[in-house]
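# Descriptive structure summary
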Amino acid sequence: MLVAACALVDADGRVLIAQRPEGKPLAGLWEFPGGKVEPGETPEETVIRELREELGIETKVACLAPLTFASHSYESFHLLMPLFICRRFWGTPHPHEGQALKWVRPHQMRDYPMPPADIPLIPFLIDLL
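Residues numbered from 1 in each chain as written. Predicted model: local features only at pLDDT ≥ 70, side-chain atom pairs only at ≥ 80, totals over all residues. Heavy atoms only, no water.

Using the following cut-off: UniProt positions are given in the numbering used here, feature names are shortened, and annotations may be inferred rather than shown by experiment.
Under an unreviewed UniProt entry, the name given to the protein is 8-oxo-dGTP diphosphatase, and the organism recorded is Mesorhizobium alhagi CCNWXJ12-2. Word for word, the UniProt comment on the protein under Sequence similarities (unreviewed entry) is "Belongs to the Nudix hydrolase family." Comment text from UniProt for the protein, heading Cofactor (unreviewed entry), reads "Mg(2+)".

Spelled out as structure tokens, the structure:
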């Protein structure tokens, strides 16, 4: 399964994470905003669409920088997830899908339970920020 995710970074160097709502797989865990890449979409287009749908914010392809990726085998599927950094976006993120949101410093991300595929991405954010 191909999923694209985004580490939104604010002016203070904090990263936005979202808590998966009840009723979804891995409910209660914290993750980077993003979602499944739909047929005909690039990962960048997926990130832009998901940020609009999930958080009500806008950005552009030129504002997305690829940082790293996750490759993780879950019980029933294999996940490949590029992670983009975005420092330029328009609007204020609001939870549109019932998820909790938090702005956290990269070194604090380890304090939040995350899906197994997301955990190895944290050191890249710490090094960058």
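What follows continues from the structure just given.
### With respect to the layout of surface pockets
The test is simple: Points on a 1 Å grid, built from protein atoms alone, make a cavity when a 1.4 Å probe fits but cannot get out and make a pocket when they are open with protein on both sides within 12 Å along at least 5 of 7 lines; residues with an atom within 4 Å of a point are the lining residues. Grid points are joined across faces, edges and corners, and a volume is the space filled by probe spheres set on the points. For the purposes of this entry, the term helix denotes a DSSP run of H or I that reaches at least four residues, the term strand denotes a run of E that reaches at least two, and both are numbered from the N terminus. Residues are sorted three ways: Asp, Glu, Lys and Arg are charged, Ala, Val, Leu, Ile, Met, Phe, Trp, Tyr, Cys and Pro are nonpolar, and all the rest, Gly among them, are polar.
Taken as a whole, the largest pocket encloses approximately 650 Å³ of empty space. In terms of lining, the largest pocket is formed by 26 residues, of which the most central are Val3, Arg20, Glu31, Gly34 and Gly35. Those elements that provide at least two residues to the lining of the largest pocket are strand E1 (3-8), strand E2 (15-19), strand E4 (34-36), helix H1 (43-55) and strand E6 (78-86). Considering every element that reaches the lining of the largest pocket, the biggest residue donor is E4, with three residues. For the lining of the largest pocket, the class distribution of residues is 14 nonpolar, four polar and eight charged.

### A short note on the pairing of E2
Under the convention used in this document: Think of it in three bands: with a 1.4 Å probe and only protein chains considered, a residue is buried below 20% of the maximum accessible area for its type, exposed above 50%, and partly exposed in between. We treat two strands as partners when DSSP finds at least two bridges between them.
Burial analysis of E2 places four of its five residues in the buried class, the great majority of the element. Here two bridges tie E2 to strand E3 (residues 30-31), and the two strands are oriented antiparallel to one another. The residue bridging glutamine 19 from the neighbouring strand is tryptophan 30, located in E3.

### Considering the packing of aromatic side chains
Rules: Ring pairs shown here join Phe, Tyr and Trp side chains whose ring centres sit within 6.5 Å, with only the six-membered ring taken for Trp; geometry is labelled stacked below 30 degrees between planes, edge-to-face above 60, and tilted in between.
Applying the stated criterion across every chain yields a total of three aromatic pairs. Ring centres of phenylalanine 89 and tryptophan 103 lie 6.4 Å apart, and the angle between their planes is 15°; this geometry places the pair in the stacked category. Placement of the pair is phenylalanine 89 in the loop between E6 and strand E7 (100-104) and tryptophan 103 in strand E7, with a sequence separation of 14 residues.

### Thoughts on the sheet that holds E1
Basically, it comes down to this: The axes used here are C-alpha line fits, helices contributing only the stretch in contact, and every angle between their N-to-C directions lies in the interval 0 to 180 degrees.
Pairing in this open sheet of four strands is mixed, and the strands run E4-E1-E6-E5 from one edge to the other. Edge strands, defined here as strands with exactly one partner in the open sheet, are E4 and strand E5 (64-73). Each strand axis lies, on average, 20° off the axis of its neighbour in the sheet, ignoring direction. Pairing analysis gives four bridges linking E1 to E6, with the strands arranged parallel.

### Let's talk about the sheet that holds E2
Strand order across the open sheet formed by three strands is E3-E2-E7, with antiparallel pairing between neighbours. The outermost strands of the open sheet, each flanked by one partner alone, are E3 and E7.

### A closer look at the environment of leucine 51
Put simply, the test is: Contact definition: two residues touch when any of their heavy atoms are within 4.5 Å.
The topology assignment puts leucine 51 in helix H1. Sequence separation between leucine 51 and leucine 79 is 28 residues, and the spatial gap between their C-alpha atoms is 20 Å. Those residues in contact with leucine 51 that lie beyond four places of it in its chain are Cys6, Leu8, Pro33, Gly56, Ile57 and Thr59.

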